[in-house]
Amino acid sequence: MIKVTKFGGSSVANATQFRKVKHIIDSDPTRTVVVTSASGKEQSDDHKMTDLLYLCYEHKRYGMPFDGLFQMIRDKLTKIESELDLTSNISEDLDFLYAKMQDSIDIDYLVSRGEFLTAKLLSNYLGFHFIDAKDIIIFKPNGQIDEERSCQAIQHHIKRSEKIVVPGFYGAYPDKSIHLMSRGGSDITGSFLASAMDAVCYENWTDVSGILKADPRIVRDPKQIETITYEELRELAYMGANVIHEEAVNPVREKGIPIHILNTNDPDNHGTVITAKDEQEKRQAITGITGKKDFSIITVVKSHMSNDFGTIRKALECMEKYRIIVEHIPTGVDSFSLVVDSEQLKPFYYEVISDLKAITQADKVTVIHDIALIAIISRFMKNKTGMSGRLFSALGKQHINISLISQTSDELTIIIGVKNEDYNTTIQTIYYEFEGDDSL
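Residues numbered from 1 in each chain as written. Predicted model: local features only at pLDDT ≥ 70, side-chain atom pairs only at ≥ 80, totals over all residues. Heavy atoms only, no water.

### A word on unusual backbone geometry
At step 1: In this structure, Asp85 is a non-glycine residue whose phi angle is positive, near 55 degrees.
At step 2: The residue Asp85 is located in the loop between helix H3 (67-83) and helix H4 (90-101) in this model.
At step 3: In this structure, Phe169 takes a positive phi of about 80 degrees despite not being glycine.
At step 4: By the secondary structure assignment, Phe169 is in the loop between strand S4 (164-167) and strand S5 (170-172). (Helix = DSSP H or I, 4+ residues; strand = E, 2+ residues; numbered from the N terminus.)

This is the structure in structure tokens:
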């Protein structure tokens, strides 16, 4: 029985947060594998250690002094060590790093020291064994995790009965050179360890109590999602919900290991469980609402298009030529639309429109800008009759015009397009229409 617990930067921001982490670990003897991010912000005007390290690198790169920035890192770590009365001798590691920065230093190595040093402090405080991520997370030359070699390294370095702390966010190539994951990559480290060690659960401790049904900056006091499936989470994350790193889902999903999103500052809150199947089968109307702004809808109109072959394929090839990702393709009898990110379209706008009209032999190509896409997500939607009617009726009462509607056959998600200016009102309207509807 092993639980892998990952703590985000806010959970290890200072000595007070370290004490909360220790209380959480001590409260459950199965929490034997701990992954940590770099120490984060203590308050809103503070700096994340990762950001400070990136700034140090940029200052050094352009010949600017970085001593002040490095001193902020030193002060942050030594203060934690002093207040917790640790014996980690973190000053020696900092002196070594500072000396190394006087010469040439690799950016991945420098930035990874945030997790490395935080993990050394945390392992000392918990009385756990420290294992460097470079020894157990091995990357292929293309930057992907070498699962076979990493699993072998994990089995070599980690015994199931051992209590360990591992820094997240980085690993190493076979030659031991450090390689960073994308921001938020500590989630991936925790997920991969949970999979490799056949953990019963992967706990992701952060500063929010699970996943909310809607953005609290838009909806006042939105309800918390108790249980969500991997598929629903994927939809939420793709459409903009910042919950957990997208790549952290697959390692545990393949083995059916649930992810538990929990709050370090409110450990008694049940949080949100992400799983392959909701065993409770709570029949809520919707799971969550999210969205993104600034899309463009390109509409191609061509008479008798339904009798032609390859028109949409040609249009997609045109988008591929300009490296523009197509989000959705609503179709009609003699027309279809391509929904794309406005920022991707902007540099090639005139070329794209000209090429589309030529290769599809369209009668007309029109473009609408400033569109927001909003996703209404629920695994129970297909069993809930009249949802679409209620949705459109509620938006109609608010005089919100819908520019696009898209829904797949599995009925997991309804995507609607509205004007950017109607984004907040649309989310609020949908949320309050279905907020209290938890039964079929």
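### Describing the pairing of S4
At step 1: Burial along S4 is two-sided: Ile164 and Val166 and Val165 and Pro167, pointing in opposite directions, are all buried.
At step 2: The pairing of strand S2 (residues 31-36) with S4 spans 4 bridges and is classified as parallel. Note on S4: the bridge partner recorded for Val34 is Val165. (Buried < 20%, exposed > 50% of the residue type's maximum accessible area, 1.4 Å probe, protein only. Pairing = 2+ DSSP bridges.)

### Here's the deal with the nonpolar core
At step 1: Core analysis: the biggest nonpolar cluster contains 91 residues, and Val4 and Leu193 have the highest contact counts within it.
At step 2: With residues near it in sequence (within four places) discarded, Leu193 still touches Val4, Val33, Val35, Ile136, Ile154, Ile158 and Val166. (Core = buried A, V, L, I, M, F, W, Y, C linked by side-chain atoms within 4.5 Å. Contact = heavy atoms within 4.5 Å.)

### Remarks on the packing of helix H6 (residues 147-157) against helix H7 (residues 186-196)
At step 1: Running from N to C, H6 and H7 point in directions that differ by 75 degrees, and their axes come no closer than 10 Å. In terms of orientation, H6 and H7 fall into the roughly perpendicular class. Along the contact surface, H6 presents Glu147, Ser150, Cys151, Ile154 and Gln155, while H7 presents Phe192, Leu193 and Ala196.
At step 2: Of the residues contributing to the contact of H6 with H7, the split by class is 5 nonpolar, 2 polar and 1 charged. (Axes fitted to C-alpha atoms, helices over the stretch in contact; angles between N-to-C directions. Parallel < 35°, antiparallel > 145°, perpendicular 65-115°, else oblique. Nonpolar A, V, L, I, M, F, W, Y, C, P; charged D, E, K, R; others polar.)

### A word on the packing of aromatic side chains
At step 1: One pass over the full model with this rule turns up 9 aromatic pairs.
At step 2: Relative to Tyr125, the ring of Phe18 has its centre 6.3 Å away and its plane inclined at 50 degrees; by these criteria the two rings are tilted. Linking Phe18 in helix H1 (residues 15-26) with Tyr125 in helix H5 (residues 107-126), this pair joins segments that are 107 residues apart in sequence. The pair Phe18 / Tyr125 is uniform in exposure class, with both members buried.
At step 3: A ring pair is formed by Phe70 and Tyr98, whose centres lie 5.3 Å apart and whose planes are at 50 degrees; its orientation type is tilted. In this pair, Phe70 is assigned in helix H3 and Tyr98 in helix H4, connecting sequence segments 28 residues apart.
At step 4: Through successive ring pairs, a cluster of aromatic residues spans Phe66, Phe70 and Tyr98.
At step 5: In this structure, Lys100 is placed above the aromatic ring of Tyr109, and the distance from its NZ or CZ to the ring centre is 5.2 Å.
At step 6: The residue whose ring lies beneath Arg113 is Tyr109, and the NZ or CZ to ring-centre distance is 4.4 Å. (Phe/Tyr/Trp six-rings, centres within 6.5 Å; stacked < 30°, edge-to-face > 60°. Lys NZ or Arg CZ within 6 Å of the ring centre and 35° of its normal.)

### Observations concerning the sheet that holds strand S15 (residues 335-341)
Picture the strands of a sheet paired through backbone hydrogen bonds; they go either parallel or antiparallel.
At step 1: Strand order in the open sheet formed by 6 strands is S14-S15-S13-S16-S18-S17, with antiparallel pairing between adjacent strands. The sheet terminates laterally at strand S14 (326-328) and strand S17 (404-407), the two strands that pair on one side only. The mean inter-strand angle of the sheet, taken between neighbouring strand axes irrespective of direction, is 40 degrees.
At step 2: Sheet contacts for helix H10 (residues 311-321): S14 and S15; angle to S15, the most-contacted strand, approximately 20 degrees.
At step 3: Of the strands in this sheet, strand S13 (288-301), S15 and strand S16 (364-377) touch helix H12 (residues 349-360), which is tilted by about 105 degrees from S16.

### Things to note about the pattern of salt bridges
At step 1: Inspection of every chain in the model, using the stated rule, returns 21 salt bridges.
At step 2: Ionic pairing is found between Glu58 and Arg61, a salt bridge with its closest N-O pair at 3.3 Å. Within this pair, Glu58 and its partner Arg61 are both found in helix H2 (residues 49-61), separated by 3 residues, close to a single helical turn.
At step 3: For the salt bridge of Asp135 with Lys134, the shortest nitrogen-to-oxygen distance reads 3.1 Å.
At step 4: Take Lys134: its relative accessible area is 25%, and that puts it in the partly exposed class.
At step 5: When salt bridges that share partners are traced, they join Lys3, Asp28, Arg31 and Glu203 into one network. (Salt bridge = Lys/Arg side-chain N within 4 Å of Asp/Glu carboxyl O.)

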